[in-house]
Amino acid sequence: MIKSIVQLLNITKTFPGSIAVSALRGLDLEIRRGEMTAIVGPSGAGKSTLLNILGLLDVPTSGRYLLNGTDTSRLGERELTSLRAVTLGFVFQAFHLLPHLNCVGNVMLPLAHQGWPRRERARLATEALVRVGLGHRLDARPATLSGGERQRVAVARAVVHSPSVILCDEPTGNLDRENSTQVMDLLRRQVTPERSLIIVTHDDAASACADRVVKVVDGVVC
Ligand code: ADP
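Conventions used here
- Residues numbered from 1 in each chain as written.
- Predicted model: local features only at pLDDT ≥ 70, side-chain atom pairs only at ≥ 80, totals over all residues.
- Heavy atoms only, no water.
- Helix = DSSP H or I, 4+ residues; strand = E, 2+ residues; numbered from the N terminus.
- Rg over C-alpha atoms; globule rule 2.2 N^0.38 Å.
- Buried < 20%, exposed > 50% of the residue type's maximum accessible area, 1.4 Å probe, protein only.
- Contact = heavy atoms within 4.5 Å.
- Areas by Shrake-Rupley, 256 points an atom, 1.4 Å probe, with all protein chains shown as cover.
- Lys, Arg positive; Asp, Glu negative; His and termini not counted.
- Charge placed at Lys NZ, Arg CZ, Asp CG, Glu CD.
- Phe/Tyr/Trp six-rings, centres within 6.5 Å; stacked < 30°, edge-to-face > 60°.
- Near = heavy atom within 4 Å.
- Polar contact = N/O pair within 3.5 Å; in protein donor to acceptor, adjacent residues only side chain to side chain.
- Nonpolar A, V, L, I, M, F, W, Y, C, P; charged D, E, K, R; others polar.
- Pairing = 2+ DSSP bridges.
- Axes fitted to C-alpha atoms, helices over the stretch in contact; angles between N-to-C directions.

*Asks:* Outline the overall build of the protein chain, listing residues and values.
*Replies:* Helix and strand counts for the protein chain come out as seven helices and ten strands. For 222 residues, the compact-globule formula gives about 17 Å, and the C-alpha radius of gyration of the protein chain, at 17 Å, lands near that figure. With the C-alpha coordinates aligned to their principal axes, the bounding extent of the protein chain is approximately 50 × 40 × 40 Å. Buried residues in the protein chain amount to 49% of all 222 residues. Put simply, of all contacts in the protein chain between residues at least 6 apart along the chain, 72% involve residues at least 24 apart. Within the structure as shown, the protein chain displays about 10700 Å² of accessible surface, and the carbon and sulfur contribution to it stands at 51%. Taken together, the 26 basic and 21 acidic charged side chains of the protein chain have centroids lying 5 Å from each other.

*Asks:* Break down the packing of aromatic side chains for me, with residues and values.
*Replies:* Evaluation of the coordinates by the stated rule reveals one aromatic pair. Both rings, one in F90 and one in F92, keep their centres 5.9 Å apart while their planes meet at 0°; by these two values the pair is stacked. With a relative accessible area of 18%, F90 lands in the buried category.

*Asks:* Can you tell me about the site of the ligand, naming the residues and giving the values?
*Replies:* Taken together, F15, V21, A23, P42, S43, G44, A45, G46, K47, S48 and T49 make up all the residues around the ligand. At 3.1 Å, a backbone N or O of A45 approaches an oxygen atom of the ligand. In the environment of the ligand, an oxygen atom lies 2.6 Å from a nitrogen or oxygen atom belonging to the side chain of T49. In isolation the ligand offers 550 Å² of accessible surface; the protein chains occlude 58% of this area. Among the elements of the structure, strand 2 (21–32) and helix 1 (47–54) are those that each provide at least two residues to the shell around the ligand. A total of three residues in the shell around the ligand trace back to one element, the largest contributor, which is helix 1. Looking at the shell around the ligand residue by residue, the classes come out as five nonpolar, five polar and one charged.

*Asks:* Let's hear about the sheet that holds strand 5 (residues 70–71): which residues, and what values?
*Replies:* Paired through backbone hydrogen bonds, the strands of a sheet run either parallel or antiparallel to each other. Strand order in this open sheet of four strands is 2-1-4-5, and the pairing throughout is antiparallel. Unpaired on one side and paired on the other, strand 2 and strand 5 mark the two borders of the sheet. Sheet topology note: the strand 1 (residues 4–15)/strand 2 ladder contains nine bridges and is antiparallel. Counterpart to T12 in the pairing with strand 2 is R25. This element, helix 1, spans strand 1, strand 2 and strand 4 (62–67) of the sheet and lies at about 125° to strand 1.

*Asks:* I'd love a proper account of the pairing of strand 3 (residues 36–40), names of residues and values included.
*Replies:* For strand 3, a buried count of five out of five residues is recorded, marking the element as mostly surrounded by other parts of the structure. Burial of the side chains of strand 3 extends over both faces: M36, A38 and V40 are buried on one face and T37 and I39 on the other. As paired elements, strand 3 and strand 8 (residues 196–200) share four bridges and run parallel to each other. From the neighbouring strand, T37 faces strand 8, where its bridge partner is I198.

Here you go:
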């Protein structure tokens, strides 16, 4: 098995406009399996741009991104969508749960692409919710949950399809200290020898949970 799950090689990202913005300027980054990495840095440094590229939600202007050994620059839109669905899980600051679905329905969503029968998807979602301590709220709608509970549903959704990489964008940004600690413990427990976690955060307590802290300044790792 290849040791690096993520390799970014000389990545640039320029946003065109009357004044073009160079958000990433030759960034190199390697993430190993089984590692939790915190990405920190000042506002405007390029962290969100980097996370979007890591999440296959945006493409670099130049450079190579190898994910699980696959050179993503060679893939078309359909292949990227499929690689994203199978390999990546996402946790966002604002939870991004669908309000009309209950917890099981939300956690089943990443399994939709994998062609399993509904009953099997519901079983896996239920198991994931039990693992994050929400076995008693399976039928609850997001609006009836606390912020900490919503983020736990989001963590269950991020891992239900056994992704190789979990990408987290300020996962404690909307939580109080106690819930932040619980969510970070929960995220930390999702790291396995095969699975890595990458978290963009301003929260020192969150980055303290990481094996490695990567600082991005002016579009490069410093
Ligand atoms: P951070 O997440 O570290 O605050 P960003 O990645 O959001 O930094 O932004 C890096 C730079 O790229 C900033 O100067 C920002 O204004 C610019 N930028 C980000 N997204 C866009 C976009 N879609 N269009 C133009 N400029 C952008």
